[in-house]
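Here are the chains, one letter per residue:
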Amino acid sequence: MKTTPAQKSEREPFFSQDEIKGLYKFARERLAYHEAIGELNPGDVAAEDIAGTVLLRAYREYAKQSASEHSKEARARSPWLEQLATNQIQSTIDRLQAA
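Since the structure is predicted, the reported quantities are computational estimates derived from the model, not experimental observations. (Residues numbered from 1 in each chain as written. Predicted model: local features only at pLDDT ≥ 70, side-chain atom pairs only at ≥ 80, totals over all residues. Heavy atoms only, no water.)

Draft legend 1. Broad picture of the overall build of the protein chain. Scanning the protein chain for helices and strands turns up 5 helices and 0 strands. Listed N to C, the secondary structure of the protein chain is α-α-α-α-α in terms of helices and strands. Looking at the 99 residues of the protein chain, the share that counts as buried comes to 26%. Intrachain contacts of the protein chain at a sequence separation of at least 6 include 66% that bridge at least 24 residues. (Helix = DSSP H or I, 4+ residues; strand = E, 2+ residues; numbered from the N terminus. Buried < 20%, exposed > 50% of the residue type's maximum accessible area, 1.4 Å probe, protein only. Contact = heavy atoms within 4.5 Å.)

Draft legend 2. Spotlight on helix α2 (residues 17-36). Over its 20 residues, α2 extends 28 Å from the first C-alpha to the last, a length consistent with the 28 Å expected when each residue adds 1.5 Å. Considered for burial, the residues of α2 that qualify are E19, L23, F26, A27, L31 and H34. Taken end-on, α2 shows its buried residues confined to a sector of 130°, consistent with a single buried face. Residues of α2 that are exposed and point more than 90 degrees away from the buried face comprise Q17, D18, K21 and A36. (Expected span 1.5 Å × (residues − 1). Arc of directions from axis to C-beta.)

Draft legend 3. Representation of the packing of α2 against helix α3 (residues 47-64) in the model. α3 packs onto α2 with a crossing angle of 130° between their chain directions and a minimal axis gap of 9 Å. When the interaxial angle is binned, α2 and α3 end up oblique. Every pair of crossing elements has a handedness; the one defined by α2 and α3 is right-handed. Residues I20, L23, Y24, A27, R28 and L31 of α2 touch α3, and the partners they reach there are A47, E48, I50, A51, V54 and L55. Looking at the contact of α2 with α3, its residues break down into 10 nonpolar, no polar and 2 charged. (Axes fitted to C-alpha atoms, helices over the stretch in contact; angles between N-to-C directions. Parallel < 35°, antiparallel > 145°, perpendicular 65-115°, else oblique. Left-handed = near helix turned anticlockwise from the far one by under 90°. Nonpolar A, V, L, I, M, F, W, Y, C, P; charged D, E, K, R; others polar.)

Draft legend 4. Looking closely at the nonpolar core. Residues L23, L31, I50, V54 and L81 are the most contacted members of the largest nonpolar core, which totals 21 residues. For this core, the elements supplying multiple residues, two or more each, are α2, α3 and α5 (77-98). Of the residues forming this core, the biggest block, 7 residues, is contributed by α3. In this structure L23 touches A51, V54, L55, L81 and A85, once residues within four positions along its chain are discounted. (Core = buried A, V, L, I, M, F, W, Y, C linked by side-chain atoms within 4.5 Å.)

Honestly, that's just the spatial picture; any functional story needs more than this.
And the structure:
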């Protein structure tokens with residue numbers, strides 16, 4: 001019996017624990033950097049908020065891709081998540097500075 005993508009996703013997490021931990025670490029480090037150079041005040045943004053937003057966005061973008069794009073993306077998922085996090089952090093900084 002063949003497994004459908006929906007059934008497969010019920011059994012396997014979309015992101016590995018290593019990917020999630022790596023994303024949280026990356027977000028913490030980037031936020032600390034932006035705090036150190038004065039672009040953010042300590043506590044303005046939580047790494048959990050950045051990571052959560054990025055994981056949701058990544059899943060939505062992944063769901064829009066074709067199957068052939070999925071295999072390419074799986075090989076480069078961590079850099080992709082880091083780029084999404086970088087973009088999210090910069091967007092947050094821009095929003096806070098405009099307020």
